[in-house]
Amino acid sequence: MLLSSLDPLAVARGDDMPDAVRIGDTALSRTDILGAAGALAKRIAGARRVAVLAEPTPATVIAIVGGLLAGATLVPVPPDSGPAELAHILSDSGAQAWLGRAPEGSDLPSVPVRVHARDWHAHPEPAPSAIAFVLYTSGTTGAPKGVLLSRRALAAGIDAMAEAWDWTSKDVLVHGLPLFHVHGLILGLVGPLRVGSRLIHTGKPTPQAYAQAARDGGTLFFGVPTVWSRIADDAESARALATARLLVSGSAALPVPVFERLHELTGIAPIERYGMSETMLTVTTRVDGERRPGWVGLPVRGVETRLRDEHGGEVPHDGESIGGLQVRGPMLFDGYLGRPDATAESWTEDGWFRTGDVAVVDADGFHRIVGRESTDLIKSGGYRIGAGEVETALLGHPAVREAAVVGLPDADLGQRIVAFVVADGVDPQTLIDHVASQLSVHKRPREVRIVESLPRNAMGKVQKKLL
Ligand code: MCA
Ligand code: AMP
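Here we summarise the structure given alongside this text. No experiment lies behind these values; they were computed from the predicted model shown.

Examining the sheet that holds strand 19 (residues 367-372)
Link 1 in the chain: Spatially, the four strands line up as an open sheet ordered 16-17-18-19, and their pairing is antiparallel. A strand with exactly one partner marks an edge of an open sheet, and here the two such strands are strand 16 (304-308) and strand 19. Neighbour to neighbour, the strand axes of the sheet diverge by 45 degrees on average, direction disregarded.
Link 2 in the chain: Relative to strand 18 (residues 353-361), strand 17 (residues 323-328) runs antiparallel, the two sharing four bridges. Across the sheet, Gly324 pairs through a bridge with Val358, a residue of strand 18.

In C-alpha cells:
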C-alpha cells in the first residue's frame, strides 16, 4: 500500500498497534509514540533545527517522531562521537537544542523527552520541500558534510522500497542498526512508521538477537554485510531466520560466499540493495525478481541510472564495461548544508548525481557495484569513513609527524582502517585510542603501522596504492 500523503507518519496515525516499536526491553504502542511525540512537538514549536543523540532507546524514537511532527529539521548525532566530531556537527548544523539527553561537553540546552507525556494537538504538515534530516557523512577529505534530506525525498525513498520488497503493514521489520544513518534511521525507523509495519530494534545486530526476533515473528530483516557474515558463521542463529520473508543486505558489498551460505542455511536468497546517504536507495533486487549473488539489481521506481567514463562519455550497458555510476530520482538529497561548492561538484551539468562508485550494468539493466573511484572513502562494517578525517585526528596527536590512512580487505568488516604513521616514541594502541576519543569509535584504525617514511611521488603526494 502506498500513500499519497508525504506525511511520514500517516499510517501510524491509524488504528493503535500495541507494540508498534520494540526497542531494547520496551514496547511502544502507536499511542505511546504519537502521544509523547505530540507533547514534545508542542514544547519545541517553532524550533528550526534540533539535535538528537541517536542511542537505540525509546526516547530517541519519540524525539525523532516529535521533531518530524513539529516540522523541525533533525540532526541525528552518533552517540559515541568524540569531542572533535561533536563540535563539528553542532557548529556546522547550527542545532539550537538537544531533544532528550545531551552528551557531555555540549552547552546547548536540552528539551527533556517524556515517554509518558501525551498531547494530541494537530500539527500542520510542513511543505514537501522542508528538510526533515541533516545526516552527517564522510567525504574523501575534510570533516563530514551535512546531507539535506527533504520530506518529499523521505517519502519517495521509503515508498520505492516498499514497492520493490512488497513491504506492508503485515511485516515485522527487524534490525539492530545505528539510528543516525539512512539504513537504520530512515529506512529502519521512519520506514516502518510510514509503511505501518511493526519494528523490533534489537539494540545490537548480533546473530542471537536476530534469531530471537525471528522466533518473535520478525518477517523482514535488515543488515549490513558484516551483520550477515556473522550470522552466516552461526548456523544455529541463521537457521532460525528460515521463517522470515526477506533478508535484506546493503550499505556495502555482500560477499558472494556469505550470500550463498545464508541461502543454504535459511532457504532464502538475500535481497541486495545499493544506496548512499545522498541518494537513499536507488537500486535493489526485487521480491518478485532475480536475486543474483554479487549484483544489486535494478533501479527502483522513479530512478534512472547511467555509466560515464572519466571524460563524461557513454559506457555501454553490456555487463562488462566499467563506468562511473550516475543517478537521478525523487529520493535524492537537496545538497550539502552550507557547501554550495561541494554540492555543485557532485552534480553533472545535465542534472545527474555522481555517486563516486564504479559499476557495470548488463543488458537487462542489472547493476554490479565494482568499487569506488577514490581510495580515500573507506567502508568498514557498513560505515563510510573518510581517510582525511582520520588522518587529521592522527596528526592532532603531538607524537605524529605524518599519517596516511587506507582501507585494507577484511573478512569481517569488508575493509578495515589501517593507518601508516611516522611518529616518535608512541605505541600503536595509544594512537588507536586517540582517534576513538576524538571521533566516533567506529572511525578508529583497527591497526596502526609505525613506518620510517611514507611513499611519495615527485610532487610530494602520498602514494596510497603503494601502502
Ligand atoms: C573497541 N571499542 C572501543 C575501542 N575499541 N571503544 C573505545 N576505544 C577503543 N579503542 C568498543 C566499542 O565502543 C564497542 O563497544 C565495541 O568495542 C565494539 O565496537 P566495534 O568493534 O567498532 O563494533 P563491531 O562489533 O565491529 O561493529 C560491527 C557492526 C557495526 C555492528 C556491524 O559496524 C555497525 O553497526 N555497522 C552498521 C553501519 C551502518 O548502519 N551503516 C549504514 C550507513 P560497545 O559494543 O560496548 O558499544 S549506509 C546508509 O545509510 C546507506 C544509504 C545505505 O546503503 O543504507
Ligand atoms: P553511505 O553514504 O554511508 O551510505 O555510503 C554509501 C556508499 O556505500 C556507496 O557510495 C557505496 O560505495 C557503498 N554501498 C552502499 N550499498 C552498497 C552495496 N549494496 N554494494 C556495494 N557498495 C555499497
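What follows picks up the thread again.
As for the site of ligand 1
Link 1 in the chain: Every one of the 26 residues lining ligand 1 counts as a neighbour, but His183, Arg273, Gly381, Gly382 and Asp433 are closest to it.
Link 2 in the chain: In the model, an oxygen atom of ligand 1 is placed 2.9 Å from a nitrogen or oxygen of the His183 main chain.
Link 3 in the chain: Within the side chain of Arg444, an N or O atom sits 3.1 Å from an oxygen atom of ligand 1.
Link 4 in the chain: In the complex, 70% of the free accessible area of ligand 1, which totals 1,100 Å², lies under the protein chains.
Link 5 in the chain: For the shell around ligand 1, the elements supplying multiple residues, two or more each, are helix 5 (182-195), helix 7 (225-232), strand 13 (271-276) and helix 12 (428-438).

Considering the pattern of salt bridges
Link 1 in the chain: Taken as a whole and judged by the stated rule, the model has 28 salt bridges.
Link 2 in the chain: In this structure, the salt-bridge partner of Lys443 is Glu85, at a minimum N-O distance of 3.3 Å. Of the two residues, Lys443 sits in the loop between helix 12 and strand 24 (447-450) while Glu85 sits in helix 3 (residues 83-93), which places them 358 residues apart along the sequence.
Link 3 in the chain: Under the relative-accessibility criterion, Lys443 is labelled buried at 4%.
Link 4 in the chain: In this structure, Arg401 and Asp424 form a salt bridge, with 2.9 Å as the shortest nitrogen-oxygen distance. With Arg401 in strand 22 (residues 400-410) and Asp424 in the loop between strand 23 (414-423) and helix 12, the pair connects residues that are 23 residues apart, well separated along the chain.
Link 5 in the chain: We classify Asp424 as partly exposed; its relative accessible area is 43%.
Link 6 in the chain: Taken together, the shared-partner salt bridges connect Asp410, Arg416, Glu447 and Arg449 into one network.

Some points on helix 12
Link 1 in the chain: Along helix 12, the residues classified as buried are Leu431, Ile432, His434, Val435 and Ala436.
Link 2 in the chain: On its buried face, helix 12 sits against helix 11 (387-395), strand 22, strand 23 and strand 24.

Things to note about the packing of helix 7 against helix 9 (residues 256-266)
Link 1 in the chain: Where helix 7 meets helix 9, the closest approach of the two axes is 9 Å, and the angle between their N-to-C directions is 50 degrees. When the axes of helix 7 and helix 9 are compared, the pair comes out oblique. Where helix 7 crosses over helix 9, the two elements pack in a sense that is left-handed. In this structure, helix 7 uses Trp228, Ser229, Ile231 and Ala232 to contact helix 9, whose residues at the interface are Val258, Arg261, Leu262 and Leu265.
Link 2 in the chain: Residues of the contact of helix 7 with helix 9, tallied by class, amount to six nonpolar, one polar and one charged.

Here's the deal with the packing of aromatic side chains
Link 1 in the chain: For the structure shown, the criterion picks out 10 aromatic pairs.
Link 2 in the chain: Plain terms: the ring middles of Tyr210 and Trp228 are 6.1 Å apart, the flat faces sit at 80 degrees to each other, and that makes the pair edge-to-face. One end of the pair, Tyr210, is in helix 6 (residues 207-215); the other, Trp228, is in helix 7, with 18 residues separating them in the sequence. Each member of the pair Tyr210 and Trp228 is classed as buried.
Link 3 in the chain: Members of the aromatic cluster, connected to one another through ring pairs, are Phe333, Tyr336, Trp347 and Phe353.
Link 4 in the chain: For the cation-ring pair, Arg368 lies above Trp295, with the distance from its terminal atom to the ring centre recorded as 5.7 Å.

Structural notes on unusual backbone geometry
Link 1 in the chain: Of note, the phi angle at Asp166 is positive, near 50 degrees, even though the residue is not glycine.
Link 2 in the chain: Structurally, the position occupied by Asp166 is in the loop between helix 4 (151-165) and strand 9 (172-175).
Link 3 in the chain: Among the residues examined, Asp166 registers a relative accessible area of 44% and is labelled partly exposed.
Link 4 in the chain: For Met280, which is not a glycine, the phi torsion comes out positive at approximately 50 degrees.

Considerations on the pairing of strand 19
Two faces make up the sheet, and in a regular strand the side chains alternate between them.
Link 1 in the chain: Both strand 18 and strand 19 contribute to a ladder of five bridges, which runs antiparallel. Following the sheet pairing, Val360 is matched in strand 19 by Arg368.
Link 2 in the chain: The hairpin turn running from strand 18 into strand 19, its antiparallel successor, is five residues long, and Gly365 in that turn takes a positive phi close to 90 degrees.

About the thresholds
- Residues numbered from 1 in each chain as written.
- Chains lettered and ligands numbered in written order.
- Predicted model: local features only at pLDDT ≥ 70, side-chain atom pairs only at ≥ 80, totals over all residues.
- Heavy atoms only, no water.
- Pairing = 2+ DSSP bridges.
- Helix = DSSP H or I, 4+ residues; strand = E, 2+ residues; numbered from the N terminus.
- Axes fitted to C-alpha atoms, helices over the stretch in contact; angles between N-to-C directions.
- Near = heavy atom within 4 Å.
- Polar contact = N/O pair within 3.5 Å; in protein donor to acceptor, adjacent residues only side chain to side chain.
- Areas by Shrake-Rupley, 256 points an atom, 1.4 Å probe, with all protein chains shown as cover.
- Salt bridge = Lys/Arg side-chain N within 4 Å of Asp/Glu carboxyl O.
- Buried < 20%, exposed > 50% of the residue type's maximum accessible area, 1.4 Å probe, protein only.
- Contact = heavy atoms within 4.5 Å.
- Parallel < 35°, antiparallel > 145°, perpendicular 65-115°, else oblique.
- Left-handed = near helix turned anticlockwise from the far one by under 90°.
- Nonpolar A, V, L, I, M, F, W, Y, C, P; charged D, E, K, R; others polar.
- Phe/Tyr/Trp six-rings, centres within 6.5 Å; stacked < 30°, edge-to-face > 60°.
- Lys NZ or Arg CZ within 6 Å of the ring centre and 35° of its normal.

Such coordinate-based values are descriptive only and should not be taken to indicate function.
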